[in-house]
Amino acid sequence: MRIIFVRHGEPDYVHDCLTDTGRAQARAAAERLAGEGISEIYASPCGRAAETASFTAEKLGLPVTTLDFMHEITWGGADTPHEGHPWTLGDMMLEEGFDFAAGDWRRHPYFRNNSATEKYAMIAERFDAFLMGFGYRHEGGRCFCETGTDGTIALFSHGGSGACALAHLLDMPFPYVCVVFPYDFTSIIIIDLPCRPGTYVHPRVELFNDCAHITRRGDGPVLQQISE
């Protein structure tokens, strides 16, 4: 099974849709994805993600299934600096020398009362249920392949909700993934889950932050912004 994560195009956040540049990016992404053998398309319910998905759906003649749990996350809470912005706080934790291997980021003061932590937990739970629908039981850093599938699906979402799903699937700390694995508008990330029924398999990163389709347009990558 291959899961292609696609971030939405350049957005008009006020109206929750794409800008003209975002639509051009989404159109270029559709051309790029046309040869990936996608059989199913999923998208966040947010307008900017759904609109981005629509270009690939039209190109491939496929419907778009909405995944409500992949709605962009919120952040913030009592005593959280920088309004709880996960990318900024993750960067601060790295600068302060937080040991992500030994410490639990969810118990850190930056995330203990941060709504992003609650959203992460929700997406983790729902994404596991989503994987079960394809015959994979997610257990930490690996999956038990009960039946599996050889298909390729595309999932159009956001910088935040996408990072939650990726961090959980790869068994990596969410704030660490936010900072160390940023990705651009309409960037393409491919995760492969081998289909070997009756065995444990490990998610493999086949491709990360592929932006060739927009760099050819001269846009250049603009990674997830860290607020000041």
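These figures come from a predicted structure and were not determined experimentally. (Residues numbered from 1 in each chain as written. Predicted model: local features only at pLDDT ≥ 70, side-chain atom pairs only at ≥ 80, totals over all residues. Heavy atoms only, no water.)

K.L.:
It is not clear to me how the pattern of salt bridges should be interpreted in this structure. Could you clarify?
P.N.:
Where charged atoms of side chains with opposite charge meet at close range, the side chains can pair. Throughout the structure, instances matching the rule amount to 14 salt bridges. A salt bridge links Asp104 to Arg107; the nearest nitrogen and oxygen atoms lie 3.8 Å apart. Judged by relative accessible area, Arg107 falls into the exposed class, the value being 62%. Each of Arg2, Arg32, Glu36, Glu206 and Asp210 takes part in a single network of salt bridges with overlapping partners. (Salt bridge = Lys/Arg side-chain N within 4 Å of Asp/Glu carboxyl O. Buried < 20%, exposed > 50% of the residue type's maximum accessible area, 1.4 Å probe, protein only.)

K.L.:
Looking at this structure, I do not really get the sheet that holds strand β8 (residues 152-157). What am I missing?
P.N.:
Backbone hydrogen bonds are what pair the strands of a sheet, in a parallel or an antiparallel way. Spatial ordering of the open sheet is given by β5-β4-β8-β1-β9-β11, a layout of six strands whose pairing is mixed. Pairing within the sheet leaves two strands with one partner each, and these edge strands are β5 (64-66) and β11 (204-210). The sheet shows a mean angle of 20 degrees between the axes of neighbouring strands, direction not considered. Relative to strand β9 (residues 188-192), strand β1 (residues 2-7) runs antiparallel, the two being bridged by five bridges. Among the inter-strand pairings, Arg2 is bridged to a residue of β9, identified as Asp192. (Pairing = 2+ DSSP bridges. Helix = DSSP H or I, 4+ residues; strand = E, 2+ residues; numbered from the N terminus. Axes fitted to C-alpha atoms, helices over the stretch in contact; angles between N-to-C directions.)

K.L.:
When you look at the environment of His82 in this model, what are you seeing that I'm missing?
P.N.:
Tracing the backbone through its elements, the reader meets His82 in the loop between β5 and α3 (86-95). Owing to a relative accessible area of 36%, His82 belongs among the partly exposed residues under this scheme. Along the sequence, His82 and Tyr110 sit 28 residues apart, while their C-alpha atoms lie 9.5 Å from each other.

K.L.:
Even after reading the chapter, I still don't get the packing of helix α5 (residues 115-132) against helix α6 (residues 159-169), so can you show me in this structure?
P.N.:
In a pair of packed helices, the angle between the axes and the distance between the axes together describe the arrangement. Interaxial distance between α5 and α6 falls to 9 Å at its minimum, and their mutual angle equals 65 degrees. The hand of the α5/α6 crossing is right-handed. Facing α5, whose interface residues are Tyr120, Ile123, Ala124, Phe127, Asp128 and Leu131, α6 presents Ser161, Cys164, Ala165, Ala167, His168 and Leu169. For the contact of α5 with α6, the per-class residue count stands at nine nonpolar, two polar and one charged. (Left-handed = near helix turned anticlockwise from the far one by under 90°. Contact = heavy atoms within 4.5 Å. Nonpolar A, V, L, I, M, F, W, Y, C, P; charged D, E, K, R; others polar.)

Fair warning: the whole summary comes from geometry, so function is off the table for now.
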